[in-house]
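Spelled out from the first residue to the last, the chains are:
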Amino acid sequence: MKHFWDERYGSEEYVYGTEPNNFFKQELQKLKPGKLLLPAEGEGRNAVFAAKLGWEVVAFDYSQNGRDKAFDLAKRNQVSIEYILADYTAFSAVKESFDCVALIYAHVMDGNRAYYHQKLIEFLKPGAHVLLEAFSKEQIHNNTGGPPNLEFLFSKEELASDFNSLSEVHIEALKIKLNEGGFHQGEADVIRLTGVK
């Protein structure tokens, strides 16, 4: 998969655009800036937006090309981000050190979805927030982005189980119109989750 993402991010163009995800943008603006974790951050669009709001941003992904483009985007926007080259298995952080984790189309491809989601919660302070937008299993019928495998798409039941230790959990499945670069375009089936540790 690393080769796939390095190839996808290898073009000069930002393949999911340079603007933040709409749900992420709306939800993050409701929160007081603190320390933010962004897994599978790709080319940095969400990291740079958060940094411009005053968040201390730590992102990780395993694509060198994605990381390079994220740093370029941060430089153009005159902000600083920390971006670690790692996948879910390699990334580690101090427990209870983040105020928010945002999983924006951070689909896990190795069958360990629940384990990784629960591991991320350990990095959050009590009272910290979880934000998630990802493709639902209904997205398999669309051609507007996302993994072409049901196992890697999410259901409300799976996410409710993964994040059952949180309070104030709200999970919603809905159809939206995606307009994020060349690879997220058109009507899509997504799931959104918010919760508090």
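Residues numbered from 1 in each chain as written. Predicted model: local features only at pLDDT ≥ 70, side-chain atom pairs only at ≥ 80, totals over all residues. Heavy atoms only, no water.

A. Local environment of the pattern of salt bridges. Applying the stated criterion to the full structure yields ten salt bridges. Between Lys30 and Glu27 there is a salt bridge whose closest N-O contact spans 3.0 Å. Among the residues examined, Lys30 registers a relative accessible area of 61% and is labelled exposed. Look at Glu27 and you get buried, because its relative accessible area is 16%. Of the charged contacts in the structure, one is a salt bridge between Arg192 and Glu133, with a shortest N-O distance of 2.5 Å. (Salt bridge = Lys/Arg side-chain N within 4 Å of Asp/Glu carboxyl O. Buried < 20%, exposed > 50% of the residue type's maximum accessible area, 1.4 Å probe, protein only.)

B. Seen up close, the nonpolar core. Counting residues in each nonpolar core, the largest one holds 32 residues, and the members touching the most others are Phe24, Leu28, Leu36, Leu38, Trp55, Val57 and Ile81. If one sorts the elements of this core by residue count, helix H3 (residues 45–52) sits on top with five residues. Not counting chain neighbours up to four residues away, the residues in contact with Val57 comprise Leu36, Leu38, Ala47, Ala50, Ala51, Ile81 and Glu82. Grouped together as the second largest cluster of nonpolar side chains are 27 residues, Ala86, Phe91, Tyr116 and Leu166 included. (Core = buried A, V, L, I, M, F, W, Y, C linked by side-chain atoms within 4.5 Å. Helix = DSSP H or I, 4+ residues; strand = E, 2+ residues; numbered from the N terminus. Contact = heavy atoms within 4.5 Å.)

C. Seen up close, the packing of aromatic side chains. Applying the stated criterion across every chain yields a total of eight aromatic pairs. Centre to centre, the rings of Phe60 and Tyr88 are 5.6 Å apart; their planes meet at 90°, and the pair counts as edge-to-face. You can see Phe60 sitting in strand E2 (residues 56–61) and its partner Tyr88 sitting in the loop between strand E3 (82–85) and strand E4 (98–104), a full 28 residues away along the chain. What makes Phe60 buried here is its relative accessible area of 1%. Residue Tyr88 is classed as buried on the basis of its relative accessible area of 12%. Taken together, Phe60, Tyr88, Phe91, Tyr115, Tyr116 and Phe123 form an aromatic cluster joined through their ring pairs. (Phe/Tyr/Trp six-rings, centres within 6.5 Å; stacked < 30°, edge-to-face > 60°.)

D. Quick peek at helix H4 (residues 64–76). The first and last C-alpha atoms of H4 sit 19 Å apart over 13 residues, in line with the 18 Å expected at 1.5 Å per residue. Those residues of H4 not exposed but buried are Gly66, Lys69, Ala70, Leu73 and Ala74. For H4, the buried positions fall inside an angular range of 140° around the axis, keeping them on one side. Summarising the contacts, the buried residues of H4 are in contact with H3 and E3. Among the residues of H4, the N-terminal cap falls to Ser63, whose side-chain oxygen and the backbone nitrogen of Asn65 are separated by 3.4 Å. (Expected span 1.5 Å × (residues − 1). Arc of directions from axis to C-beta. Polar contact = N/O pair within 3.5 Å; in protein donor to acceptor, adjacent residues only side chain to side chain.)

E. How the structure looks around the environment of Ala188. By the element assignment, Ala188 lies in strand E7 (residues 184–196). Considering only alpha carbons, one finds Ala188 and Tyr16, 172 residues apart in sequence, at a separation of 15 Å. Sequence-distant contacts of Ala188, defined by excluding residues within four places in its chain, comprise Phe135, Gln139, Asn142, Thr144, Leu174, Lys175, Ile176 and Leu178.

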